[in-house]
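So the chains spell out like this:
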Amino acid sequence: MIRRCSFPRILTGILLPLLVISCASVPDGPSLPHGETDTAWSARRAALQGMQSWDFSGRISVSGPDGSWNARIRWAQRGDAYDIDFMSLFGQRVARMESSGGAVALQLPNEEPLRAATAGELLAASFGWSAPVDALRYWVLGTPQPRHEATTRLDGRGRLSSLEQEGWRIEYPQYIGVGGAAGDLPRKLTLEGASLSIRLVIDDWYLAE
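**Examining the packing of aromatic side chains**
So, step 1. As enumerated under the stated definition, the model contains 12 aromatic pairs in all.
So, step 2. Ring geometry for tryptophan 54 and phenylalanine 56: centres 6.1 Å apart, planes at 5°, overall stacked.
So, step 3. A relative accessible area of 0% places phenylalanine 56 in the buried class.
So, step 4. The interplanar angle of 50° and the centroid separation of 6.1 Å between the aromatic rings of tryptophan 75 and tyrosine 82 together place this pair among those described as tilted.
So, step 5. The exposure class of tryptophan 75 is buried, given its relative accessible area of 2%.
So, step 6. Through successive ring pairs, a cluster of aromatic residues spans Trp54, Phe56, Trp75, Tyr82 and Trp205.

**Side note on the pattern of salt bridges**
So, step 1. All chains considered together, the criterion is met by 13 salt bridges.
So, step 2. A salt bridge links arginine 96 to aspartate 83; the shortest N-O distance between them is 3.6 Å. Of this pair, arginine 96 sits in strand 6 (residues 93–100) while aspartate 83 sits in strand 5 (residues 81–87), and the two are 13 residues apart along the sequence.
So, step 3. You can call aspartate 83 buried: its relative accessible area is 5%.
So, step 4. For the salt bridge of arginine 96 with aspartate 85, the shortest nitrogen-to-oxygen distance reads 2.7 Å. A residue pair is termed long-range when its members are at least 10 positions apart, and arginine 96 in strand 6 and aspartate 85 in strand 5 qualify at 11 residues.
So, step 5. A network of salt bridges, in which partner residues are shared, links Asp83, Asp85, Arg93, Arg96 and Glu98.

**Considerations on the pairing of strand 4 (residues 67–78)**
So, step 1. Sheet topology note: the strand 3 (residues 53–64)/strand 4 ladder contains 12 bridges and is antiparallel. Bridged to glycine 58 within strand 4 is isoleucine 73.
So, step 2. Pairing of strand 4 with strand 5, which is carried by 7 bridges, proceeds in the antiparallel orientation. Along strand 5, the bridge assignment pairs glutamine 77 with tyrosine 82.
So, step 3. Connecting strand 4 to the antiparallel partner strand 5 that follows it, the hairpin turn spans 2 residues, and glycine 79 within it adopts a positive phi of roughly 65°.

Cut-offs applied
Each residue is numbered by its place in its chain's sequence as written, counting from 1. Totals for whole chains, interfaces and linings use all residues, but because this is a predicted model, local features are given only for residues with pLDDT of at least 70 and pairs of side-chain atoms are given and counted only at 80 or more. The side-chain numbers reported here are obtained from all heavy atoms of the structure, hydrogens and water having been left aside. Only rings of Phe, Tyr and Trp enter the pairing, Trp through its six-membered ring, and a pair is recorded when the two centres are within 6.5 Å. The plane angle decides the type: under 30 degrees is stacked, over 60 is edge-to-face, the rest tilted. Categorising residues by exposure relies on relative accessible area from a 1.4 Å probe, with only protein chains included: less than 20% of the type maximum marks a residue as buried, more than 50% marks it as exposed, and the intermediate range marks it as partly exposed. A carboxyl oxygen of Asp or Glu within 4 Å of a side-chain nitrogen of Lys or Arg is what we treat as a salt bridge. Helix and strand definitions follow DSSP, with helices as H or I runs of at least four residues and strands as E runs of at least two, each counted in order from the N terminus. Between any two strands, at least two bridges found by DSSP are needed for them to pair.

By themselves, these observations are geometric and do not establish any function.
Here is the structure:
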């Protein structure tokens, strides 16, 4: 279902019309005719890698040698700038990570912002785990990070079923249909790498009109 939504403004000073897509998984449909899967994937990858403005909200679960970590997550991407909010399961914000103009900062409640050269350094210092956020910006859309080596496996509908890149393996067990150039976007994805397992469940996608 697609409807208009007054989604809270996440990036200060930026107002964009958005569509909210309430997530329901895409039923398995017929595979594309033989020889059309790669063509569909090429068009899909170009469309996804060209998406500049999107938000999602959902849940994240991280498991590693030092235990597990769970939170709600809200990610807003505007070109190369992003805000990522981590919230308790009851909706209280516990951290916000921001990147704009190449600077990355992490704000914890009642503390001075932490700054580092990369988002991964901030995650490691604050939560004890790290992820390649610059690549994850693309992975959550169901496409490899551009201009980096990647190994991909497609399903019968020209979507990623798995991806290996930057030392991580990403699986895409479920998609949601959103229509338009995006077609389907991931509903669930799992990431395995560096002794770490990350699971994302996306409850809602918000796309620029």
